[in-house]
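Take a look at the letters that make up each chain.
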Amino acid sequence: MEDMQEDTFFERFDAVIQIPRRFVLACHVNPDGDAIGSVLAMAEFLRGKGHDVKMVVANDFPGFLHWMPGADDIMIFEKNDLDCKLAIADAEYIMMLDFNNLSRGGILHNEIGKTRCPRILVDHHRDADLSQFYCAYSDVNVSSASEIVAEIILHYGKSHFTQSISTNLMVGIMTDTGSFAHSMYHPRTFELCGLLLEKSLPYIFIHQQVYDTMSEGRLRLLGHSINNRMEVLDDYSTAIIALSKSDLERFDYHVGDTEGVVNFPLSMKKIRMSVLITERQDQIRLSFRSKGSFSVHEVAQKHFKGGGHINAAGGTLTCSFKEAIAKVKAVLPEYKDMLNEEV
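So, a few notes on the structure that sits alongside this text. Note that this is a predicted model, so its numbers are computed, not measured.

Conventions and cut-offs
Residues numbered from 1 in each chain as written. Predicted model: local features only at pLDDT ≥ 70, side-chain atom pairs only at ≥ 80, totals over all residues. Heavy atoms only, no water. Salt bridge = Lys/Arg side-chain N within 4 Å of Asp/Glu carboxyl O. Helix = DSSP H or I, 4+ residues; strand = E, 2+ residues; numbered from the N terminus. Buried < 20%, exposed > 50% of the residue type's maximum accessible area, 1.4 Å probe, protein only. Pairing = 2+ DSSP bridges. Contact = heavy atoms within 4.5 Å. Axes fitted to C-alpha atoms, helices over the stretch in contact; angles between N-to-C directions.

### A few points about the pattern of salt bridges
It is possible for side chains of opposite charge to pair when their charged atoms get near one another.
Here comes step 1: Enumeration according to the criterion identifies 14 salt bridges in this entry.
Here comes step 2: As a salt-bridge pair, Asp 60 and Lys 79 come within 3.3 Å of each other at their nearest N and O atoms. Placement of Asp 60 in the loop between β2 (52–57) and β3 (75–76) and of Lys 79 in the loop between β3 and α3 (81–90) is noted, with a sequence separation of 19 residues between them.
Here comes step 3: Residue classification places Asp 60 among the buried positions, given a relative accessible area of 18%.
Here comes step 4: In the salt-bridge network here, residues are joined through shared partners; they are Arg 22, Asp 90 and Glu 92.

And the structure:
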């Protein structure tokens, strides 16, 4: 983030938090570790400053994140829409973390859109329209929204890094970098993690809680995905894993069970892009991952109503499952030369 934008953010944010306010913190639909971690950490920080804070998400988040400190206080719109609506309507400020467009808020879109209170942005995704926010800390060159929250809190002093704040931010950074395998743009990420690890729960414990608590069904779904549902397209250095509703039902799918599946094909040297297609009740969800300079953000934004980062992006389609697979394959010739470049 440019220094001028950072100075403006803190000037305005300082003014906001001087007196007690009513905040609502929200993140994107289908929350991941970074979304939940950044929301939980910011909520605790603001409460420590004397503010009333409500945390609202559109739908439930993966079970392997439920252990996170403070997670029980998050209100889930799909389960309790009335309290969520009341909180949003009563807010003096709404903070959007880990998403910069209301369309990524799912069913929170309409409720937040109805409000006239100022909005604050904390995000690391591309194409943010900063004009719609009272203040914004937006930086696409950081690992995660949790890294930005860490910088904000550090601005007010290292002493604000409690064990729970530090633990939640470590989860956010760890998961959004694939355990530090991608999205590592500068040494600052490791510097911040060093500060957080001084206060957080042990890193091995954090890692185990997120990655080593699979159900049998989730592990068998992973094996099925790779062995039976992965198609390797050598001409395009691409692998596609397509999971139908019946696939998910067969393995007793729970929220978060497909987390990380899209990353496995990239472990093959010859694969430059991996795509996971999952059939849900009302739409087709797509996850894209890539190596090197090939931008899956551009692919997702142009063809699949989505976006994200250079090496990690998502999108949606409202067609049939078979049509979605055909659509993904149909766009590959457009990127053939780039996909076949050396990483």
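### A short note on the sheet that holds strand β8 (residues 238–243)
Here comes step 1: Pairing is mixed in the open sheet, where six strands are placed in the order β7-β8-β9-β10-β12-β11. At either end of the open sheet lies a strand with only one pairing partner, and these are β7 (230–233) and β11 (307–308).
Here comes step 2: With six bridges connecting them, β8 and strand β9 (residues 273–279) associate as parallel partners. In the strand pairing of β9, Ile 241 is matched with Leu 276.
Here comes step 3: Along the sheet face, helix α9 (residues 216–228) touches β7 and β8 and points at about 130 degrees away from the line of β8.
Here comes step 4: Strands β7, β8, β9, β10 (284–290) and β12 (312–317) of the sheet are contacted by helix α12 (residues 321–331), whose axis makes an angle of about 165 degrees with β9.

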